[in-house]
There are 2 protein chains.
Amino acid sequence: MSTHYVGTETETLILDTWIKLNRANNSIGHVLRHNMDGHGITMTQFGVLEILEHLGSLPLKTIGEKILLSSSNLVTVIDNLEKQGLVNRQNNPADRRSVMVCLTDKGKSTLKPIFQSHLEQLVECFSILNEDELKVLGELSKKLGLNQSSKAKE
Amino acid sequence: MSTHYVGTETETLILDTWIKLNRANNSIGHVLRHNMDGHGITMTQFGVLEILEHLGSLPLKTIGEKILLSSSNLVTVIDNLEKQGLVNRQNNPADRRSVMVCLTDKGKSTLKPIFQSHLEQLVECFSILNEDELKVLGELSKKLGLNQSSKAKE
DNA sequence: ATCCATTTATTTGATATTTAATTATTGTCA
DNA sequence: TGACAATAATTAAATATCAAATAAATGGAT
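Anyway, here's the lowdown on the structure attached to this text. What you see is a predicted model, and the numbers here were worked out from it, not measured in a lab.

1. Let's talk about the relation of the copies chain B and chain A
Between chain B and chain A, which share one sequence, the superposing operator has a rotation angle of 180 degrees and an axial displacement of 0.0 Å; the RMSD is 0.1 Å. Here the symmetry operator amounts to a two-fold rotation axis. Relative to the rotation axis, the closest C-alpha in chain B is found at leucine 137 of chain B, a distance of 3.2 Å. A shared interface surface links the copies, since 96% of the contact residues of chain B are contact residues in chain A too.

2. A closer look at the sheet that holds strand β2 (residues 87-91) of chain B
Residues and elements named next belong to chain B. With respect to topology, 3 strands assemble into an open sheet ordered β1-β3-β2, the strand pairing being antiparallel. What marks the edges here is a single partner per strand, and that holds for β1 (58-59) and β2. For β1 and strand β3 (residues 99-103), the ladder comprises 2 bridges, and the chain directions are antiparallel. The residue of β3 that forms the bridge with proline 59 is methionine 100. Here helix α2 (residues 43-55) sits on the sheet in contact with β1, β2 and β3, set at roughly 90 degrees to β3.

3. Regarding the nonpolar core
Core analysis: the biggest nonpolar cluster contains 36 residues, and Phe126 of chain A together with Phe126 of chain B have the highest contact counts within it. Those elements that place two or more of their residues in this core are α1 (8-39), α5 (105-126) and α6 (131-153) of chain A together with α1 (8-39), α5 (105-126) and α6 (131-153) of chain B. Apart from residues no more than four positions distant in its own chain, phenylalanine 126 of chain A is found in contact with Ile28, Leu134 and Leu137 of chain A together with Ile14, Thr17, Trp18, Leu21 and Leu144 of chain B.

4. With respect to unusual backbone geometry
Excluding glycine, residues mostly carry a negative phi; peptide bonds, for their part, are mostly trans. Residue and element names in this part refer to chain A. With phi around 55 degrees, leucine 68 is a residue other than glycine that occupies positive phi space. You can see leucine 68 is positioned in the loop between α3 (60-67) and α4 (71-83). For leucine 68, a relative accessible area of 67% puts it in the exposed group.

5. Observations regarding the interface of chain B and chain A
With 46 residues of chain B in contact, the opposing surface of chain A contributes 44 residues. For the pairing of chain B and chain A, the buried interface totals around 4700 Å² over both sides, and the portion due to carbon and sulfur atoms is 75%. Of all residues in chain B, Ile14, Trp18 and Asn25 of chain B bury the most surface against chain A, accounting for 13% of the area lost on that side. Connecting chain B to chain A are 2 salt bridges. Between lysine 143 of chain A and glutamate 133 of chain B there is a salt bridge, with its nearest N and O atoms 2.8 Å apart. Along the contact surface separating chain B from chain A lie 6 residue pairs in polar contact (both at pLDDT 80 or more). Put simply, the parts of the chain that give the side of chain B that touches chain A at least two residues each are α1, α5 and α6 of chain B. Tallied by class, residues from the side of chain B that touches chain A come to 24 nonpolar, 13 polar and 9 charged.

6. Some remarks on the pattern of salt bridges
Scanning the entire structure with this criterion turns up 14 salt bridges over all chains. For glutamate 82 of chain B, the salt bridge goes to arginine 89 of chain B, with nearest N and O atoms at 2.6 Å. Judged by its relative accessible area of 28%, arginine 89 of chain B is partly exposed. Salt bridges here are not isolated pairs; linked through shared partners, they connect Asp79, Glu82 and Arg89 of chain A.

7. Section: the protein's contact with DNA strand D
DNA strand D sits among 21 residues. The nearest are Thr44 of chain A together with Lys61, Ser72, Arg89 and Arg97 of chain B. Atoms of DNA strand D within 4 Å of the protein: sugar and phosphate make up 68%, bases the balance. In the model, a base nitrogen of DNA strand D is placed 3.0 Å from a nitrogen or oxygen of the serine 72 of chain A side chain. At a separation of 2.8 Å, a base oxygen of DNA strand D approaches a polar side-chain atom of arginine 97 of chain B. If you list the elements that add at least two residues to the surface near DNA strand D, you get α4 of chain A together with α3 (60-67) and α4 (71-83) of chain B. Counting residues per element, the surface near DNA strand D draws most heavily on α4 of chain A, which supplies 4 residues. Looking at the surface near DNA strand D, its residues break down into 5 nonpolar, 10 polar and 6 charged.

8. Concerning the side chain of asparagine 25 of chain B
Secondary-structure assignment places asparagine 25 of chain B in helix α1. Residue class for asparagine 25 of chain B comes out buried when judged on its relative accessible area of 5%.

9. Section: the packing of α1 of chain A against α5 of chain B
For the pair α1 of chain A and α5 of chain B, the least separation of the axes is 10 Å and the interaxial angle reads 80 degrees. Taken together, the axes of α1 of chain A and α5 of chain B are roughly perpendicular relative to one another. Where α1 of chain A approaches α5 of chain B, its residues Glu11, Ile14, Leu15, Thr17, Trp18 and Leu21 of chain A are matched on the opposing element by Phe115, Gln116, Leu119, Leu122, Val123 and Phe126 of chain B. Along the lines of polarity and charge, the residues of the contact of α1 of chain A with α5 of chain B split into 9 nonpolar, 2 polar and 1 charged.

10. Description of the packing of aromatic side chains
How two aromatic rings sit relative to each other is set out by the distance from centre to centre and by the angle between their planes. The final tally for this structure, using the stated rule, is 4 aromatic pairs over all chains. Between phenylalanine 126 of chain A and tryptophan 18 of chain B, the ring centres sit 6.4 Å apart and the planes meet at 65 degrees, which makes this aromatic pair edge-to-face. Pair noted here: phenylalanine 126 of chain A is in helix α5 and tryptophan 18 of chain B is in helix α1, and the two residues belong to different chains. Residues phenylalanine 126 of chain A and tryptophan 18 of chain B agree in their burial class; the two are buried. Pairing phenylalanine 46 of chain B with phenylalanine 115 of chain B gives two aromatic rings, centres 6.4 Å apart and planes at 15 degrees, and the pair type is stacked. Of this pair, phenylalanine 46 of chain B sits in helix α2 while phenylalanine 115 of chain B is found in helix α5, placing the two residues 69 residues apart along the sequence. Phenylalanine 46 of chain B gets classed as buried once you look at its relative accessible area, which sits at 3%.

Procedures and definitions
Residues numbered from 1 in each chain as written. Chains lettered and ligands numbered in written order. Predicted model: local features only at pLDDT ≥ 70, side-chain atom pairs only at ≥ 80, totals over all residues. Heavy atoms only, no water. Least-squares fit on C-alpha atoms with pLDDT ≥ 70 in both. Contact = heavy atoms within 4.5 Å. Pairing = 2+ DSSP bridges. Helix = DSSP H or I, 4+ residues; strand = E, 2+ residues; numbered from the N terminus. Axes fitted to C-alpha atoms, helices over the stretch in contact; angles between N-to-C directions. Core = buried A, V, L, I, M, F, W, Y, C linked by side-chain atoms within 4.5 Å. Buried < 20%, exposed > 50% of the residue type's maximum accessible area, 1.4 Å probe, protein only. Buried area = accessible area lost by both parts, 1.4 Å probe. Salt bridge = Lys/Arg side-chain N within 4 Å of Asp/Glu carboxyl O. Polar contact = N/O pair within 3.5 Å; in protein donor to acceptor, adjacent residues only side chain to side chain. Nonpolar A, V, L, I, M, F, W, Y, C, P; charged D, E, K, R; others polar. Near = heavy atom within 4 Å. Parallel < 35°, antiparallel > 145°, perpendicular 65-115°, else oblique. Phe/Tyr/Trp six-rings, centres within 6.5 Å; stacked < 30°, edge-to-face > 60°.

Purely spatial values, then, with no claim about function.
Given below as structure tokens:
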């Protein structure tokens, strides 16, 4: 924790920056969620499918850590995806406590066009920024994110 | 909608930027929410109190527009705040359908230290960025936010 | 080898949020 | 004026999420 005095001017700048950052994030999130609604899945479900596509089958626990979701919530998310036939549960030979979650063929073929559409929305959302601006925004965001996660360990 | 072809490289950059932006936002949001928990109110309740402090008494509908919350949800949020004696409902002489929500004295005195603590957390979260970086981040975020809201009208 | 703390998934109960339907009021237009 | 559409708050029903408690399996220390 820094000990130097933080003046009101800085506080105002930070508050202002936070409001803008949060508003941008929410606006984009809203666009993306609306798009997912049109495809009949939730953002959380999409997140699960995407990570399975990217990393292959994973234990339920691991998925929760990756997308920052409580395992109790994840159980129902996986339940719902399983009902739709997009994933299934399998035994984990390495540990009988754990459940491996796998993307089905239907899951894969369903995800593909949704991901494409998701990407299009995202490109549209960010079209107002040029390449340099994107890089700067990414770096500043990364700094912020890392700052929090380092705090979490203390 | 732009018609020019968006190459894979740009798509990757945008996806990457979004992930970082979203992660930063969520991390900070998590810190702030945790802080509010310690004060016994939710972020949404805090948002309502703050806007009432800032703009004075407002119709329920207007509050919902400001903090992007459905009015049905707002009803229960106001209910809960009213139970805690932090706000109360009053008639709106101008329109008998509408309900004016007012911050009570208890609401004001309760909000003050919470807001202070909130600000401290925020300063801590953003302490990794210097003044110039804060300004750049704010401007880029603002551009993004405005881009969405302009789209919403189309 | 056994006891015990830890880990994993699940169930249960609570809260937050949204959409749809309801009620009361307002405004409009024919 | 009177019928009807629009608006504001509310209620009801559904979903998402989390925290706490539970059950099964694992690993480690003695």
